[in-house]
Amino acid sequence: MKGVSNVSEFLDPALVPNRTVRVAAFDGENSDPANGRPMGDGVRAHTPWGEIAYQLAGKAGYEVVRQSDEQRIAPGADTIKELFGSDPVLVVLDELGEYLRRVQGMGGRDQLTAFLKALLTAIESTPQAAIVYTLAVRSDGKSIDAFAEENEFLAGAMSELESVSGRKATNLNPTRDDETAKVIRRRLFASIDDARAVEVIDAYRALWTNHRDILSEEAKRSTTSAEFGQTYPFHPDVLDTLTGKTATLGGFQRVRGMLRILAKTVATVWANRPTDASAIHLHHIDLGSDVVRREFTTRLQQGAFVPAILNDIAGPPEKLALAQELDAKHFKGLLPYGTYVARTIFVHTLAFNNDLKGLSVDHLRYSILSPASDISFVDDAKTKFRAESAYLDDRPTAPLRFNAEANLTQVIGREEKNVDPGEARTQLADRVKSIFGGQSFDLIPFPGGPWDVPDDVSDGKPRLALLSHDALDIGADLREIPEIVGRMFERKGADGNGLRSLRNNLVFVVADETKANEMKRAIVRRLALQELKRPERVKELADHQQAKVFELEKKSETEAAIAIQQCYRHILYPSRNALGGAGSVQLAHSVIDIQNASERPGSGQLQVVRQLQSQNKVRDASDSPDSPSYIRDRTPLKKGQMTTRDLRDEFRRDPSLSILLSDDVFRKAIRKGIEEGVYIYKRGELLAGPGDPMPTINIDEETTIFTIDFAKSKGVWPRPAPAPAAQPAAVGGGDSISGEPLPPIPGGGMGTDGATAGGMGERPQASLGKIFAAEGVLKEALRKVVEQAKSAKIAAIDRIVIRLFEYGDAFKLIPIANGITGTKRSVALEGGYTTAQDSEMMFEFKGAAQDAATIKDYLEPQFRAAKVTDLKTSISFDFDGGLALDGDAADKFIEKLTRFASAAAYVEATAEVKS
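None of these values were measured; they are calculated from a predicted model. (Residues numbered from 1 in each chain as written. Predicted model: local features only at pLDDT ≥ 70, side-chain atom pairs only at ≥ 80, totals over all residues. Heavy atoms only, no water.)

Structural notes on the overall build of the protein
Next up, step 1: Scanning the protein from terminus to terminus reveals 33 helices and 25 strands.
Next up, step 2: Here the C-alpha radius of gyration of the protein, 49 Å, is well above what a compact globule of 915 residues would show, namely 29 Å.
Next up, step 3: When the accessible area of the protein is evaluated, it comes to approximately 43,000 Å², of which 48% is carbon and sulfur surface.
Next up, step 4: Across the protein, the mean location of the 116 positive side-chain charges is 1 Å away from that of the 129 negative side-chain charges. (Helix = DSSP H or I, 4+ residues; strand = E, 2+ residues; numbered from the N terminus. Rg over C-alpha atoms; globule rule 2.2 N^0.38 Å. Areas by Shrake-Rupley, 256 points an atom, 1.4 Å probe, with all protein chains shown as cover. Lys, Arg positive; Asp, Glu negative; His and termini not counted. Charge placed at Lys NZ, Arg CZ, Asp CG, Glu CD.)

Next up, the structure:
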């Protein structure tokens, strides 16, 4: 204790020896069995007995055991006792396990055991001699450090030697006796206010209690608070980890190693004063400091982790590590939770035994939690760090721990660097076009100018111009329409100088400047995963990594689609409320919400439609149409009349109107106008207004919409009253009572006068019977002809012929007619249609209603999809024995025919009575 001023702090001063004590210490960590360790006086000792002999008796003492030292043969007990002399002697043996590892190829194990036996025997017979030796084993005799096998062998050997010698060693456990904590506190701090420390420990105890369900077992133990009192200002997890894990590494001298690391940590905390340092945690060990980092990487020989530290925990200023990036992006203005998580995991990783490496999520929370931290941010940082770390163990059941080798994240990252930029660009372009293809819009992908955007109706769908992200990207605070978009919207033609007519037929989708890089990365990642998935590549990975690659590759398709939709989220659409105000290009700006853009990945047009619907700009078949009066007042229809085709085209021209995604919503608007008494509908002889059964709405040049006021002023509406019916002509001469052309006889057979019926609508030249005709709604027309026949004292009608002018009415009535029994049913069809691709179909059919029903099933969807339609239909009923008029047979016939077809708006019905 020479030079020690505070002896009483360590022991009773009366116990300090007052005469010379010879001390000899052997340190296995610094031994050199092969070359010998220089001791002085030209002596190089190769063995523990050589070093001890020199320390006890100098060069003369070494000469006593020279032969034993050079030949690595243990000396006997008497030779060792000769070295002791008459003074008190203390022999210290440290790190014998490491020495055994070095001489394992020299047969040193047996000689060391023999030496220890001789040493114990010599000490046993010398009253003033003692030995102190260290063994890194637990109470059960098991060791967990780098020299576990050697330490366990030595523990067994020493136990046997003790029993042979009859002297029992006194076992000291510095950790259990809290000596380690006391030494560290004493060495690092001039003073610690334990009274104030109680306040801090109480605050931690309250946190542990409040969060006990999500913290590790340490937070739940009643003894932890007491341990905290012994270790303060260090959090209990600091000393537990350094003594229980770090100390198992070869080369870590527990107290000295801990003092070096913690001294540097205390200095850093004292200099930086972090706001959460009510106690010093593992996460305050700053791995960004060179001197601290070298304690782990150099002194503890953990240099293999340098890439993990630089990439994931603490990088140089020019290239921040992952944890630092997370702090800057997600925890700015808060504690550096990303760095805290990374540091804590790293220190817990450093252990010799694999089972000790790493920690659970619950223990991570316990280690970081403090009165100034928020446990939800700890969890968030852990999740983000785990997802992106290149060096965390990525096995599903592994604890949170680092690997020296890169994990799958790093492997994928390296593969991403190998992706050809040209291939990535091509794949991205194809994927973007695929995602924004669809049924609502006619996609114009990546137009270069007005010449790439046609100004015609084409297949009737509005056009969606998808601008390349390489050509244009914009931000949410767009102030004016980009010049390239404005030119495409206002101009057309090969030279781009013509004025665009159908401006309300064109919508633009533009990339977001902040999301373009994420989109590109998503495609590069997908290509990298596809490469790693190839059989010859995936077999290079561990089994758990192979499964992960397949999982990630499958998810990457969705992730790429989401990234594309989140990037292409700016919509520029026709509107009178232009972005730049009056006089600007008539385009408004809308942005799809990020969350909405993530729904239904791969359905880009759906997101565009939804956004424009939210702006009340587009209408599809399921939407309510614009107000009929608004349409009237916003279009040339306000002058009184327009064809349905011209009115439909007006929706493609005027930016103040809705964009119609379907002609069905236009037809719905016309029907609504008719029902509300705003419009009158006219096609040929067919006239429909308020109160009438609704006709099939045709969109062509032959169909006209009138405003009701204009129709009234021109005498179009109300419908003129029919002229009174004339008396039937005598058989064999005169005209029919209606004066209207007679219907053809289906099948091209003979008329009642024996003449052949001509084309549809031609009249037989000489009727030998009586004919009654009426026009109007189906039920009304049929009742009229029956009443005319009754008025003419006719007992029965031989034939009824119905002519229809709308294909919708015809297709509805044919299957109903086919189901009426007791009569021969015939149908004549003549007409055609033009497809959206301008293909034409013309046809003529005459035959049984049953065959007509089959043909109708084919024709109906074609007519619905067609651009232009024309159909003339005649349905004939021939009654064997006639349709009697004196009972209810005629009423029942009319009821059956019109029960499901009362909506037929306008027909011509003819009743014929043969002579």
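Some thoughts on the pattern of salt bridges
Next up, step 1: Applying the stated criterion across every chain, the model contains 55 salt bridges.
Next up, step 2: In this structure, aspartate 393 and arginine 395 form a salt bridge, with 2.7 Å as the shortest nitrogen-oxygen distance.
Next up, step 3: Judged by relative accessible area, arginine 395 falls into the partly exposed class, the value being 38%.
Next up, step 4: The salt bridge involving lysine 492 is made with aspartate 455; its shortest N-O contact spans 3.3 Å. Highlighted residues: lysine 492 in strand β9 (residues 491–492) and aspartate 455 in the loop between β6 (442–445) and β7 (463–466), separated in sequence by 37 residues. (Salt bridge = Lys/Arg side-chain N within 4 Å of Asp/Glu carboxyl O. Buried < 20%, exposed > 50% of the residue type's maximum accessible area, 1.4 Å probe, protein only.)

Overview of the confidence of the model for the protein
Next up, step 1: Scored by pLDDT, the protein has a mean of 86; 90% of the residues are at 70 or more.
Next up, step 2: Low pLDDT, under 50, characterises residues 725–768; the stretch is placed with 83 contacts to residues that sit more than four places away or in other chains. (pLDDT = per-residue confidence, 0-100. Contact = heavy atoms within 4.5 Å.)

Side note on the nonpolar core
Next up, step 1: One finds Phe296, Phe346, Phe385 and Phe402 to be the most contacted residues of the largest nonpolar core, which totals 51 residues.
Next up, step 2: With near-sequence residues (within four places) excluded, phenylalanine 385 lies in contact with Asp312, Leu322, Ala323, Leu326, Val341, Ala342, Leu392 and Phe402. (Core = buried A, V, L, I, M, F, W, Y, C linked by side-chain atoms within 4.5 Å.)

Examining the sheet that holds strand β5 (residues 129–133)
Next up, step 1: Spatial strand order, β1-β4-β5: three strands in an open sheet with parallel pairing. Bordering the open sheet on either side are β1 (22–27) and β5, each of which pairs with just one other strand. For this sheet, the mean angle separating the axes of adjacent strands, direction not counted, is 10°.
Next up, step 2: In terms of strand pairing, strand β4 (residues 89–94) meets β5 through five bridges, oriented parallel. What sits directly across from leucine 90, in β5, is alanine 130.
Next up, step 3: Packing against the sheet, helix α4 (residues 108–124) makes contact with β4 and β5, and its axis sits at approximately 140° to β5. (Pairing = 2+ DSSP bridges. Axes fitted to C-alpha atoms, helices over the stretch in contact; angles between N-to-C directions.)

Some remarks on the packing of aromatic side chains
Next up, step 1: The full count for this structure, using the stated rule, is 25 aromatic pairs.
Next up, step 2: Consider the rings of phenylalanine 879 and phenylalanine 893, whose centres lie 5.3 Å apart with planes at 80°: the pair is edge-to-face. Linking phenylalanine 879 in strand β24 (residues 868–884) with phenylalanine 893 in helix α33 (residues 889–898), this pair joins segments that are 14 residues apart in sequence. The pair phenylalanine 879 / phenylalanine 893 is uniform in exposure class, with both members buried.
Next up, step 3: Taken together, Tyr204, Trp208, Phe228, Tyr232 and Tyr366 form an aromatic cluster joined through their ring pairs. (Phe/Tyr/Trp six-rings, centres within 6.5 Å; stacked < 30°, edge-to-face > 60°.)

Side note on the side chain of threonine 644
Next up, step 1: Along the chain, threonine 644 falls in helix α27 (residues 644–653).
Next up, step 2: Of note is the side chain of threonine 644, whose polar atom sits 2.9 Å from the backbone oxygen of asparagine 698.
Next up, step 3: In terms of polar contacts, threonine 644 uses its side chain to reach the backbone amide nitrogen of aspartate 700, at 3.0 Å.
Next up, step 4: Dropping the residues within four chain positions of it, threonine 644 is found in contact with Phe666, Asn698, Ile699, Asp700, Thr703 and Ile705. (Polar contact = N/O pair within 3.5 Å; in protein donor to acceptor, adjacent residues only side chain to side chain.)

Things to note about unusual backbone geometry
With glycine set apart, most residues show a phi of negative sign, and most peptide bonds adopt trans.
Next up, step 1: Omega for the bond connecting tyrosine 232 with proline 233 falls within 30 degrees of zero, at 15°, which places this linkage in the cis form.
Next up, step 2: Inspection of the secondary structure assignment puts proline 233 in the loop between α9 (223–231) and α10 (236–244).
Next up, step 3: Cis peptide bonds are those with omega within 30 degrees of zero, and the linkage from tryptophan 717 to proline 718 qualifies with 5°.
Next up, step 4: Tracing the chain through its elements places proline 718 in the loop between α29 (708–713) and β20 (770–776).
Next up, step 5: Positive phi values are uncommon outside glycine, yet glutamate 95 reaches one of about 55°.

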